[in-house]
Amino acid sequence: MRRAKLGKNKDRVLLLHEFGPTSRDWHQGQVVEELRGRGWVVEWAHGRLADYQAGGTGLRRLGNLLYCYGTFPWRMVRLRPAAVLVRTAPPGIQLWMSFWGWVLRVRVVWWLMDYHPEMEARMLEGRQGGAKGAAGLLRWIDRWCLKRTYAVIAIDEAMAEVVRSRSGKPRVRVYPTWSPGIPADLPARASHARSRAKEVRVLHLGNFGFAHDLRGIVALVERAPADWRFRFWVVNPSERGRLAFAKLGEHPQVSVQFSPKLSQEDLLALIDRERIGWGLVPLDPRFGGTVSPSKFHTYLDLSLPLLYAGPPGTNAWKYCEEYGAGVTITVPVTKSAISLLCHLQENEEAGKHMRESVARAQEAMHCYGPVGLCVMLEELLNSHPTSST
């Protein structure tokens, strides 16, 4: 669908994000290219950091946050675009831009990746003193800004439900992040050899932030049959992740091996060599609807079923429950989850069916991409082409 002409400056979209052009974040570059191909004039404003840097409270990240908060409104004033598409980094920037969109009568669309300030509000709720009041204030600010926001694109249904409950707005859509895919020149999995029935072999990749949690996995290990063993390969962990998995490895039924960052080719070789059967996606249930782990992309691309330990409504949960491409672990761990995992580990036919489900989930996952998101954005903007925020 091609957009309608909206007059002077009304074919212009301003995309805002904390980080600049980077090979590690393919989403924004692909969206810019697609929108331009569809006839939009796209301006792309970002912070001084070209690529993601860990440590949200580090001096460089804090300086970049101040730069974004100071310069992004000026870009809106100067350009007066048809719409502003703002990703939610640095934290809370979408609130600030909705305020300025309200002042300047420019439509602001949130591309909601991590839901600040709801995440911080949930962290404050469990603390003593005035923290609960601070959580209420953050939610009031969020509600006020949402009512002055034109539309929201959330990356999973759990997040969209929180937005709907907060705003009552009809223009809330769900569009998951998408996978870059496995390079075409990489070899396919050499084999799908199974590990021993009573040995669960699990891969965990990358970041392990404050919203990630291993309580579900600990509960699974404690409820599993006593003669079962769990082996974890943890690749490129953060310091927090290394500590959490090292603690998990103290359990007598668990062993943990750490590895530096690996290329996709080396990951494929590791999975085949060690007969790894699962990809782990952990999420603290407190943060359901505020973050949506995207590790499932890589696992499905590597033809690994998901071992998802977290709340319902995320994309990882969806691929487990709707496509049968994995097992969902909750706290407390249900008897049915243990039975399902045992069945999949011990029954060769069930394992074959699981691999077929992973292939279907992989196919469904690859239906998402920049074209679909841009079509959704155009439909939102063209639904009320003359209205303001």
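Residues numbered from 1 in each chain as written. Predicted model: local features only at pLDDT ≥ 70, side-chain atom pairs only at ≥ 80, totals over all residues. Heavy atoms only, no water.

Draft legend 1. Examining the overall build of the protein chain more closely. Within the protein chain one finds 14 helices and twelve strands. Burial analysis of the protein chain (389 residues in total) assigns 53% to the buried set. Total accessible area computed for the protein chain in this model is approximately 17400 Å², and 55% of it derives from carbon and sulfur atoms. (Helix = DSSP H or I, 4+ residues; strand = E, 2+ residues; numbered from the N terminus. Buried < 20%, exposed > 50% of the residue type's maximum accessible area, 1.4 Å probe, protein only. Areas by Shrake-Rupley, 256 points an atom, 1.4 Å probe, with all protein chains shown as cover.)

Draft legend 2. Broad picture of the nonpolar core. If you look at the biggest cluster of nonpolar residues, it comprises 60 residues, and the most contacted ones within it are L203 and F232. The leading source of residues in this core is helix α13 (residues 348–365), at six residues. Residues in contact with F232, not counting those within four places in the same chain, are V202, I217, F245, L248, V254, S255, V256, Q257 and L280. Formed by 53 residues, the second largest nonpolar core is a distinct cluster that contains M76, Y150, A151 and W178. (Core = buried A, V, L, I, M, F, W, Y, C linked by side-chain atoms within 4.5 Å. Contact = heavy atoms within 4.5 Å.)

Draft legend 3. Structural view of helix α6 (residues 157–167). Along α6, the positions that sit buried rather than exposed are A158, M159, A160, V162, V163, R166 and S167. N-capping of α6 is provided by D156, with a side-chain oxygen placed 3.2 Å from the backbone N of A158. Backbone geometry just downstream of α6 places G168 in the positive-phi region, at approximately 70°. (Polar contact = N/O pair within 3.5 Å; in protein donor to acceptor, adjacent residues only side chain to side chain.)

Draft legend 4. View of the pattern of salt bridges. Tallying each qualifying case throughout the model produces 20 salt bridges. Here R139 and E125 are joined by a salt bridge, their closest N and O atoms 2.6 Å apart. On the criterion of sequence distance, the pair formed by R139 in helix α5 (residues 131–146) and E125 in helix α4 (residues 118–125) is long-range, its members being 14 residues apart. For R139, a relative accessible area of 18% puts it in the buried group. (Salt bridge = Lys/Arg side-chain N within 4 Å of Asp/Glu carboxyl O.)

Draft legend 5. Structural view of the environment of K147. Relative to the helices and strands, K147 is located in the loop between α5 and β5 (151–154). Along the chain, K147 and S98 lie 49 residues apart, while their C-alpha atoms are 9.1 Å from each other.

Draft legend 6. Looking closely at the environment of R229. Here R229 shows up in strand β8 (residues 229–235). Its relative accessible area of 37% is what places R229 among the partly exposed residues. A polar side-chain atom of R229 sits 3.2 Å from the main-chain carbonyl oxygen of A226.

Draft legend 7. Broad picture of the pairing of strand β3 (residues 83–87). Buried residues dominate β3, accounting for five of its five residues. Here β3 shows no split at all, with A83, L85 and R87 on one side and V84 and V86 on the other all buried. Here strand β1 (residues 12–19) pairs with β3 via four bridges, running parallel. Within the sheet, the bridge partner assigned to L15 lies in β3 and is L85. Taken together, the five bridges between β3 and strand β4 (residues 107–112) define a ladder with parallel strand orientation. Across the sheet, V86 pairs through a bridge with W110, a residue of β4. The handedness of the β3 to β4 crossover, carried by helix α3 (residues 93–104), is right-handed. (Pairing = 2+ DSSP bridges. Right-handed = clockwise from strand over helix to strand, strands pointing away.)

Draft legend 8. Up close: the sheet that holds strand β9 (residues 254–259). Strands sit in the order β9-β8-β7-β10-β11-β12 across an open sheet of six strands; the sheet is parallel. At either margin of the open sheet sits one strand with a lone partner, and together these are β9 and β12 (326–329). With strand direction ignored, the average angle separating the axes of adjacent strands in the sheet is 25°. The strands touched by helix α7 (residues 215–223) are β8, β9, β10 (278–282), β11 (306–309) and β12; relative to β11, the strand with the most contacts, the crossing angle is about 110°. Contacts between helix α8 (residues 239–248) and the sheet are confined to β7 (199–205), β8, β9 and β10, with β9 contributing the most and set at about 155° to the helix. (Axes fitted to C-alpha atoms, helices over the stretch in contact; angles between N-to-C directions.)

Draft legend 9. Structural view of a nonpolar patch on the surface. On the surface, L137, W140 and I141 cluster together into a nonpolar patch covering about 310 Å² of accessible area. One can find L137 in helix α5. (Patch = residues over 30% accessible without salt bridge, like charges linked within 9 Å, V, L, I, M, F, W, Y side chains within 5 Å.)

Draft legend 10. Structural context of the packing of aromatic side chains. As enumerated under the stated definition, the model contains 16 aromatic pairs in all. Taken together, a centroid distance of 6.3 Å and an interplanar angle of 20° make the contact between W111 and W178 stacked. Residue W111 is located in strand β4, and its partner W178 is located in the loop between β6 (172–174) and β7; the two are separated by 67 residues in the primary sequence. Its relative accessible area of 2% is what places W178 among the buried residues. Here the aromatic rings of Y175 and Y368 are separated by 5.2 Å at their centres, their planes lie at 90°, and the arrangement is edge-to-face. In this pair, Y175 sits in the loop between β6 and β7 while Y368 sits in the loop between α13 and α14 (370–383), placing the two residues 193 residues apart along the sequence. (Phe/Tyr/Trp six-rings, centres within 6.5 Å; stacked < 30°, edge-to-face > 60°.)

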